[in-house]
Amino acid sequence: MASPEGNEGGIVMRAAGAGAGSASRTPPAAPGKRIEVPIKKAGGGVEEKLHTWPFLVRNEFLMTLLVIIVLTVWSLLLNAPLEQPSNPTRTPNPSKAPWYFLGLQEMLVFFDPWYAGVVLPSFIIVGLMLIPYLDINPKGNGYYTLKERFFEIMSFFIGFHILWVSFIIIGTFFRGPGWNWFWPGQVWDPHLVEALTNVDLPYMFGFRDYLASALFGLFLIGGYFVVGYAVLYFWIRARPAGDPWSAFPGGGPEILEKWGPVRFGITGFLLIAMAGVFIKMALRHALNIKYILVTPWINI
Amino acid sequence: MAKFDWNETKRQITDSQAWQSIFRHGYEDTPRNRILMVSGNVWLHLHPSKVQKHTVRLRFTWCMGGITFLLFLVTVITGVYLMFYYRPTAEYAYADMKYLEFDMPFGMLMRNMHRWAAHGMVIAVWLHMFRVFMTGSYKPPREFNWVVGVILLVLTLLLSFTGYLLPWDQLSIWAVTVGSNMARATPLLGHGGPFHEVLGVNPVYDARAFIFGGAEIGPHTLLRFYILHCIFFPLIASIFMAVHFWRIRRDGMSGPL
């Protein structure tokens, strides 16, 4: 792409761009760090500012051209799909949701629809909206840094890239008839039967009574959250002072104090619920566990 | 008769009342004109007249917010073309798709561009969210704009999802069936969900029936999705986009101090 430096300070820009991270961030109090070689002074302009016209508008124009060209060529080469006329009496196998929802459809393997299709997406949307209010780390505002925001970036990476994007890829390319696993190129066998040997966790532990199973499941789920909160609490409290992850010099206790119980509670709930997806998947794959909590109304 | 003088003619045109009523400033590359170019233009004044240097760098912005908006505009323009040839009734919808593809000038191209731009918009909006997260741009004072952005993400998905049904082929009705069946499982509000007895919902009167406009996917659903797709969601998304852009304009782009 066109470099936006225009007629002033090309070197300033490159110097700032070289360390695309904390190095390029200079606090306003110490401006001396930056290598500044103004080639030509803008007419009394403020430092580090460019005229939108032509510098930004030019970039936008070129990008628009590029996107339109790519889209047009793509559309000339690849036709949008149009299958047989709709027929409500003939269900295709597999029936797949639009690709951007396949991560949720994949969750149906592990959870009931009320959780995979309704509650979990609600958690995702609400959780995403709450991010700015839960993350009180003042560092990393407006520049790329992994070191100063390790915990936040890891949470996002697990939630977005692993749980969302990679499951879309699995749902799109690796699922065939009966939602069975097929490798790309492998022939889809619609008669493939996979033995359903799943068993509920309380049953595996010998519980045969409905009430006892439900109570045991409830105890496990509750215990999981208690343990999860405890792990999160003690892990954060053990952050040493001067930890580069946190902006608070007092270390763990100061983080917890600034964070407060409400933020801690909500963040913990979302993280533990997110980790629960992985745990349920592991239990299913390793031990063929169907449900952990079994009640007449809901199963998890 | 005087000799033809190009510069004199040009001056006469640019000094005329008509010209001056349309163009308020000259085109010479002066700092004043650069500013007027942005502040005097209704479209460009979405931008501030001056921007911080790093906000022009693609390495910082990835240009993904702009590309999302551009792809939205592409779908609006191609969508208007498609609306000319498409009737949202079960009898005609599929046939109209065929006519569109084989009979209409550029019909196939318009349909392709509409569909691929819509898919591209979903990807671009995710990449935009990823970039904004990575630069921590949701941090104060821009928290609420992130919330608006999440709403726009949901609206993008809903726009795409409602459009998915309109070709009225096997792919569309079954994909929408799978997607909408989730609403059946809504706790309390779906007739297949936990605690559905509490409110007494049933297949013709529950969350999924609200989406479908009836107990099953059918012509009523097609009309409903068509109106949502062509009018309601674009309108709502435009309103939120206005808020989104305006707040960026007020707060400025995030960046190293």
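## Looking at the packing of helix 4 (residues 113-134) of chain A against helix 8 (residues 252-287) of chain A
Residue and element names in this part refer to chain A.
- Axis separation between helix 4 and helix 8 bottoms out at 11 Å; the angle between their running directions is 140°. When the interaxial angle is binned, helix 4 and helix 8 end up oblique. In the packing of helix 4 onto helix 8, the handedness of the crossing is left-handed. Facing helix 4, whose interface residues are F123, G127, L130 and L134, helix 8 presents R263, I266, T267, L270 and A273.
- Residues belonging to the contact of helix 4 with helix 8 are distributed by class as follows: 6 nonpolar, 2 polar and 1 charged.

## Side note on helix 9 (residues 170-184) of chain B
- Here helix 9 of chain B spans 21 Å end to end across 15 residues, near enough to the 21 Å set by a 1.5 Å rise per residue.
- For helix 9 of chain B, the tally of buried residues reaches 14 of 15 residues, placing the bulk of the element in the interior.

## A word on the environment of G120 of chain B
- Following the sequence through the fold, G120 of chain B ends up in helix 7 (residues 107-134).
- Under the C-beta neighbour-count criterion, G120 of chain B is labelled buried, with 21 such atoms within 10 Å.
- Distance in space between the C-alpha atoms of G120 of chain B and V150 of chain B is 17 Å, their sequence separation being 30 residues.
- Apart from the residues lying within four places of it in its own chain, the contact partners of G120 of chain B are L71 of chain A together with L71 of chain B.

## A few points about the interface of chain B and chain A
- Across the contact, 77 residues belong to chain B and 72 residues belong to chain A.
- If you list the elements that add at least two residues to the side of chain B that touches chain A, you get helix 3 (31-39), strand 1 (50-52), helix 4 (58-61), helix 5 (64-84), helix 6 (93-102), helix 7, helix 8 (143-165) and helix 9 of chain B.
- With 13 residues, the top contributor of residues to the side of chain B that touches chain A is helix 7 of chain B.
- Here the residues of the side of chain B that touches chain A sort into 47 nonpolar, 19 polar and 11 charged.

Calculation notes
Residues numbered from 1 in each chain as written. Chains lettered and ligands numbered in written order. Predicted model: local features only at pLDDT ≥ 70, side-chain atom pairs only at ≥ 80, totals over all residues. Axes fitted to C-alpha atoms, helices over the stretch in contact; angles between N-to-C directions. Helix = DSSP H or I, 4+ residues; strand = E, 2+ residues; numbered from the N terminus. Parallel < 35°, antiparallel > 145°, perpendicular 65-115°, else oblique. Left-handed = near helix turned anticlockwise from the far one by under 90°. Contact = placed C-beta atoms within 7 Å. Nonpolar A, V, L, I, M, F, W, Y, C, P; charged D, E, K, R; others polar. Expected span 1.5 Å × (residues − 1). Buried ≥ 20, exposed ≤ 12 C-beta atoms within 10 Å, placed from the backbone.

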